[in-house]
Amino acid sequence: MIRSSAYQTIKMLRLVRLVSAFFLGSLFCQAALAPVDGNDVGVENKIGNSIEDFEVVNSNGSTVKLSQVANGKALMLIPVYYECPSICGVMVQEVLGYVEKSRFVPGKDYSLAFFSFDKTEDYKLAAEKREAFLAEVEKEGKAVEFLTASQEVISGLMNQLGFKFVRRGKDFDHPPAVYILSKDLKISSVFKTVMLDVESVDLALVNASEGGLGNFFDRVFLVCSSFDPLKGKYTLSVLKVVRLVGLITVVLLGGLLFVLWKSERLRF
């Protein structure tokens, strides 16, 4: 009984922390999306672009390629800085929530990595953040990476991702963004929101995996839907549904005509 009560208390504290972080992060998010000192802070549309295989530093202090981080799977990449007092905490909690609810497991079905765009943060801090993240994930086979890099790599990678941010004192003005990359580091989709829709992120990973994830129904839905990056959701497209139904109808009619033609030939 005591253990059950303690568990409920912990769950309530996590909920309070998430809600508080969300409202605080929303305020910072609005500021981050506004122009600062003549520079836009936001996310440019770079979907379809390939990312260079940059060298980054993992939480063990080893220099690795981004392709090694992806490890032959779709890669979910989240730009943050680990000492962020606002929106980054919201993003980490939202990704945690996604990981807990998703049918896919990071490390097993896809690769998951946070990337610090603050050159002053090192692998030791990244290791602490990684340990704290994994402590809250209950799924077996879980894996996540917290990355750091030099200023040259940070500038190159953020530019290729279209992620625009500005330093303000010790902190940064920056937008929320979750990137889904294919195993060959091509930008497949971008979620520009602090609220992740679990089914849509799952579908984005299925799409980026190029057949490595998901089932038949996932692929049919992807054919019949469109991704709205502003809402961060896949929604059914009437035009695509009509086209698919039309194609199926043509195929069925063609098959029926072929069967009738064959049966007529056999009669004579």
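Rules behind the numbers
- Residues numbered from 1 in each chain as written.
- Predicted model: local features only at pLDDT ≥ 70, side-chain atom pairs only at ≥ 80, totals over all residues.
- Heavy atoms only, no water.
- Salt bridge = Lys/Arg side-chain N within 4 Å of Asp/Glu carboxyl O.
- Buried < 20%, exposed > 50% of the residue type's maximum accessible area, 1.4 Å probe, protein only.
- Helix = DSSP H or I, 4+ residues; strand = E, 2+ residues; numbered from the N terminus.
- Pairing = 2+ DSSP bridges.
- Axes fitted to C-alpha atoms, helices over the stretch in contact; angles between N-to-C directions.
- Contact = heavy atoms within 4.5 Å.
- Patch = residues over 30% accessible without salt bridge, like charges linked within 9 Å, V, L, I, M, F, W, Y side chains within 5 Å.
- Areas by Shrake-Rupley, 256 points an atom, 1.4 Å probe, with all protein chains shown as cover.

Caption draft 1: Representation of the pattern of salt bridges within the structure. Under the definition given, this model contains 4 salt bridges. The salt bridge involving E44 is made with K46; its shortest N-O contact spans 3.8 Å. By relative accessible area, which is 34% here, E44 ends up partly exposed. Two residues, D118 and R167, come together in a salt bridge whose shortest N-O distance is 3.4 Å. Of this pair, D118 sits in the loop between β5 (111-116) and α4 (123-135) while R167 is found in strand β8 (residues 166-168), placing the two residues 49 residues apart along the sequence.

Caption draft 2: Looking closely at the sheet that holds strand β6 (residues 145-147). Strand order in the open sheet made by the 5 strands is β6-β5-β4-β10-β11, with mixed pairing throughout. Strand pairing shows two members of the sheet lacking a second neighbour, β6 and β11 (187-191), which therefore form its edges. Strand after strand, the sheet turns through a mean of 25° between neighbouring axes, direction not considered. Note: strand β4 (residues 75-80) against strand β10 (residues 178-181), 3 bridges, orientation antiparallel. Its bridge partner lying in β10, M76 is registered against I180. The sheet contacts of helix α6 (residues 198-209) involve β4, β10 and β11, and relative to β11 the element is tilted by about 170°.

Caption draft 3: Quick look at a nonpolar patch on the surface. On the surface, a nonpolar cluster with roughly 340 Å² of combined accessible area is contributed by F216, F217 and V220. Topologically, F217 is positioned in helix α7 (residues 216-223). Looking at F217, the relative accessible area reads 64%, which means it is exposed.

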